[in-house]
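Structural features, examined
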Amino acid sequence: MREHIWVPWPLLALLLPPPLWGGHPDGPRRDPEPDPGPLQPFDLLYASGVAAYYSGDYELAVRDLEAALRSHRRLREIRVRCARHCAARRPLAPSGLGPGAELPFFRAVLERARCYRSCETQRLGGPASRHRVSEDVRSDFQRRVPYNYLQRAYIKLNQLEKAVEAAHTFFMANPEHMEMQQDIENYRTLAGVETVQLVDREAKPHLESYSAGVKYYEADDFELAIKYFEQALRDYFNEEIECRALCEGPQRFEEYEYLKSKAGLYEDIADHYMQVLICQHECVRELATRPGRLSPIENFLPLHYDYLQFAYYRVGEYVKALECAKAYLLLHPDDEDVLDNVDYYESLLDENIDPASIEAREDLTMFVKRHQLESDLIKSAAEGLGFSYSEPNYWIRYGGRQDEYRVLSRVSMEGTEVHGLSMSKKLLPKIERDLREGGPLLYENITFVYNSEQLNGTQRVLLDNVLSEEQCRELHSVASGIMLVGDGYRGKTSPHTPNEKFEGATVLKALKFGYEGRVPLKSARLFYDISEKARKIVESYFKLNSTLYFSYTHMVCRTALSGQQDRRNDLSHPIHADNCLLDPEANECWKEPPAYTFRDYSALLYMNDDFEGGEFIFTEMDAKTVTASIKPKCGRMISFSSGGENPHGVKAVTKGQRCAVALWFTLDPLYRELERIQADEVIAILDQEQRGKHDLNINPKDEL
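Residues numbered from 1 in each chain as written. Predicted model: local features only at pLDDT ≥ 70, side-chain atom pairs only at ≥ 80, totals over all residues. Heavy atoms only, no water.

Brief notes about the state of the cysteines
- All told, the structure shown has five disulfides when counted by the stated rule.
- Across a sulfur-sulfur distance of 2.0 Å, Cys82 and Cys119 are joined as a disulfide pair. Note on the Cys82 and Cys119 pair: the S-S dihedral is about -80 degrees, so by sign convention the disulfide is left-handed. Placement of the pair is Cys82 in helix H4 (residues 58–89) and Cys119 in helix H5 (residues 103–124), with a sequence separation of 37 residues. Each member of the pair, Cys82 together with Cys119, is buried.
- Shown here is the disulfide that connects Cys580 with Cys589, its sulfur atoms set 2.0 Å apart. On the sign convention where negative is left-handed, the bridge of Cys580 and Cys589, at about 95 degrees about the S-S bond, is right-handed. (Disulfide = S-S within 2.5 Å. Helix = DSSP H or I, 4+ residues; strand = E, 2+ residues; numbered from the N terminus. Buried < 20%, exposed > 50% of the residue type's maximum accessible area, 1.4 Å probe, protein only.)

Structure, rendered in structure tokens:
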């Protein structure tokens, strides 16, 4: 029987947005005013706009797509406003003692739910159920796909400035789209649009203020830098309130599917609040990043206080500089440079000020306390409620604020003029292991083609004849019998580009089909064997000192869709890195979830060349400058380390079908591919059966 967890009601009430977080504490409590007319569901408007675009009715496409974006934005505003209004109007009172003491709390919960439903229905002009959308539509709006349709439609209507806005908005969330930036430049040239007029229509206010603060900081205008940094913080904490408020509705947590049979009412309520709490806890990640540029939270929150400490120091406000430095240390307590700065700021205080009385800024202090309280509660609840939760490292550091200023430490500052803060330059991520290559290729007939230097990069190798022509034909033949459309991408036919069909299959699936007789078992076994051959080659060539394990094995085919290849400007697979989140604008690759951070090496083993396009390309970290281009052919294998040193992608397949075996490897046995382990077991069973058949034909007297 599962152990129950009893979450204290006062603590739950504390963790949900109270009146102070839910509205203006000093203002009157007013009922929300109704809006005229029902709000049209944004998914229906979006579908109509896309249909109009493909039918060539670009005016209707623009009308409906713009209406869909307005509806989507308005829906969020209504949900936030209703959540904040009802949190302020119906606070959750903690339960008392004695019989029925919990009833006031339940009453408050029911009243808040009724308030929220009534508010939504009134403002939406109908039931909220009309505005539930599919995961695909939700994903499209998150990735700003409607703006891609819009920019194309506006071009057709010769409205270049609006096309620039839409294209720029799309590009900000999709920096891997190599051709989009060139399109923007072309639009700007045609329309005469200056750089300052580029508008991101979905920009988060706190990031806009933050960027302005950085601009003035770098210009040594510290008064204005302080103004914008402080505004950015106010915007940030306000947007965090909105994010947390949105979490109070129905949640969908595929990674936390623990809502199974319950033992009672309290456990049901605790389960729901844990979902709300996890959602609110992870608002930190949503607000810390730009769409398409998933850099760690240090890019906004801790680094913000780092900028502020120096800006306040330069304008002579040493108390505020000290408060900001101590705030930064709440998240990075071991930062030696900032610790030195704290010592120095304390030495600048007036004699009547006790340095110990100056504490870290209250805004971040309260934020960190709540974040830690939530984290502790979620971890303690996970075991009792029977679900798994792994706390991300939200405060991971990759480098510091970029400037030349330095405050000398107390040890070296005597007799020296002080010019600024102690802070090192930001460095690009480094590969932690030794970089070695050139080991033996292990198998006869394999042809070495190019090494890292010849491929203009690091930890790269190109080989030919890893497969024979016969093996390529056999693999290509078995592919048609085992592949599923959208395999590995939740069944999406075109996960990377709408102009191609994507199909895939794992090695375990191939073996199961072979065992069942649906494809030749010999061919399924070949898939298993050649992937193991590739693993051994990679391990040997790069002279790895430890075992290389499979992380994922996938046979993939990309097929050009007829009628959709004219004037293509996209890629078959956008530029990316395999174990980190590529940020071309910052020239960084952030090694943090949701990237597969455990991957160490990658390889692609090609099966055919009877198609057009589909070249594999390496680029610089800007995701635009191509450093090497490789034409696939039967038996050719490209292998490389999986980090930010090797951004790569695939050019558009414009005719035919391109097939390959994609392989990712890890040095950490904890991240071994589960299906590969199962495939090993299947192979062991098959080998045992084969030996059993062989043993039946052996005379025991002749065994020796």
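With respect to the pattern of salt bridges
- On inspection of all chains with the given rule, the structure shows 25 salt bridges.
- When the shortest N-O distance is used, the salt bridge between Asp200 and Arg144 registers 2.8 Å. Here Asp200 is found in the loop between helix H9 (178–191) and helix H10 (205–218), whereas its partner Arg144 is found in the loop between helix H6 (135–142) and helix H7 (145–156), with 56 residues between them in sequence.
- A relative accessible area of 4% means that Arg144 is categorised as buried.
- Linking Arg636 and Asp464 is a salt bridge whose minimum nitrogen-to-oxygen distance equals 2.7 Å. With Arg636 in the loop between strand S12 (626–630) and strand S13 (637–641) and Asp464 in strand S2 (residues 460–464), this pair connects stretches of sequence that are 172 residues apart.
- With a relative accessible area of 8%, Asp464 lands in the buried category.
- One salt-bridge network, held together by shared partners, links Glu240, Arg244, Arg370 and Glu374. (Salt bridge = Lys/Arg side-chain N within 4 Å of Asp/Glu carboxyl O.)

Thoughts on H6
- For H6, the complete set of buried residues consists of Val137, Ser139, Asp140 and Phe141.
- Against the buried residues of H6 lie helix H3 (42–54), H4 and H7.
- Backbone geometry just after H6 places Arg144 at a positive phi near 65 degrees. (Contact = heavy atoms within 4.5 Å.)

Some remarks on the sheet that holds strand S16 (residues 657–666)
- Strand order in the open sheet made by the eight strands is S1-S2-S13-S9-S16-S5-S4-S3, with antiparallel pairing throughout. Unpaired on one side and paired on the other, strand S1 (447–450) and strand S3 (484–485) mark the two borders of the sheet.
- Sheet strands touched by helix H18 (residues 469–482): S3, strand S4 (500–505), strand S5 (549–560), strand S9 (601–606) and S16. Its angle to S5, the strand with the most contacts, is close to 80 degrees. (Pairing = 2+ DSSP bridges. Axes fitted to C-alpha atoms, helices over the stretch in contact; angles between N-to-C directions.)

Section: the nonpolar core
- With 47 residues, the main nonpolar core has Ile482, Met555 and Met637 as its most contacted residues.
- Breaking this core down by element, the ones donating at least two residues are S2, H18, helix H19 (507–515), helix H20 (521–541), S5, S9, S16 and helix H21 (674–695).
- Considering each element in turn, this core owes the most residues, nine residues, to H20.
- Aside from chain neighbours lying at most four places away, what touches Met637 is Val461, Leu462, Leu463, Val466, Ala534, Ile537, Val538, Ala603, Leu604 and Leu605.
- In terms of nonpolar packing, the next biggest core, distinct from the first, is built from 37 residues, Leu322, Ala327, Tyr328 and Leu364 among them. (Core = buried A, V, L, I, M, F, W, Y, C linked by side-chain atoms within 4.5 Å.)

Remarks on the packing of H3 against H4
- Two numbers describe how H3 lies on H4: the axes approach to 7 Å, and their chain directions differ by 160 degrees. In terms of orientation, H3 and H4 fall into the roughly antiparallel class. When the axes of H3 and H4 are compared, the crossing they make is left-handed. For the pair H3 and H4, the contacting residues are Phe42, Leu45, Tyr46, Ser48, Gly49, Val50, Ala52 and Tyr53 in the first and Tyr58, Leu60, Ala61, Asp64, Leu65, Ala67, Ala68, Ser71, His72 and Leu75 in the second.
- Along the lines of polarity and charge, the residues of the contact of H3 with H4 split into 13 nonpolar, four polar and one charged. (Parallel < 35°, antiparallel > 145°, perpendicular 65-115°, else oblique. Left-handed = near helix turned anticlockwise from the far one by under 90°. Nonpolar A, V, L, I, M, F, W, Y, C, P; charged D, E, K, R; others polar.)

Brief notes about the environment of Val199
- Secondary-structure assignment places Val199 in the loop between H9 and H10.
- We classify Val199 as partly exposed; its relative accessible area is 33%.
- Taking the C-alpha atoms as reference points, Val199 and Ala167, 32 residues apart in sequence, are found 9.4 Å from one another.
- Not counting the four nearest positions on each side in its chain, Val199 is found in contact with Glu165, His168 and Thr169.

Focus: the pairing of strand S6 (residues 571–576)
- With five of six residues buried, S6 is to be regarded as a mostly interior element.
- Pairing of S6 with strand S14 (residues 648–651) involves three bridges; the strand directions are antiparallel. Paired with His576 across the bridge in S14 is His648.

A few points about unusual backbone geometry
- Positive phi, close to 60 degrees, is recorded for Asn158, a residue that is not glycine.
- Taking the relative accessible area as the measure of exposure, Asn158 reaches 60% and is therefore exposed.
- One non-glycine residue with positive phi stands out, namely Asp220, at about 65 degrees.

Any link to function would need more than the numbers given here.
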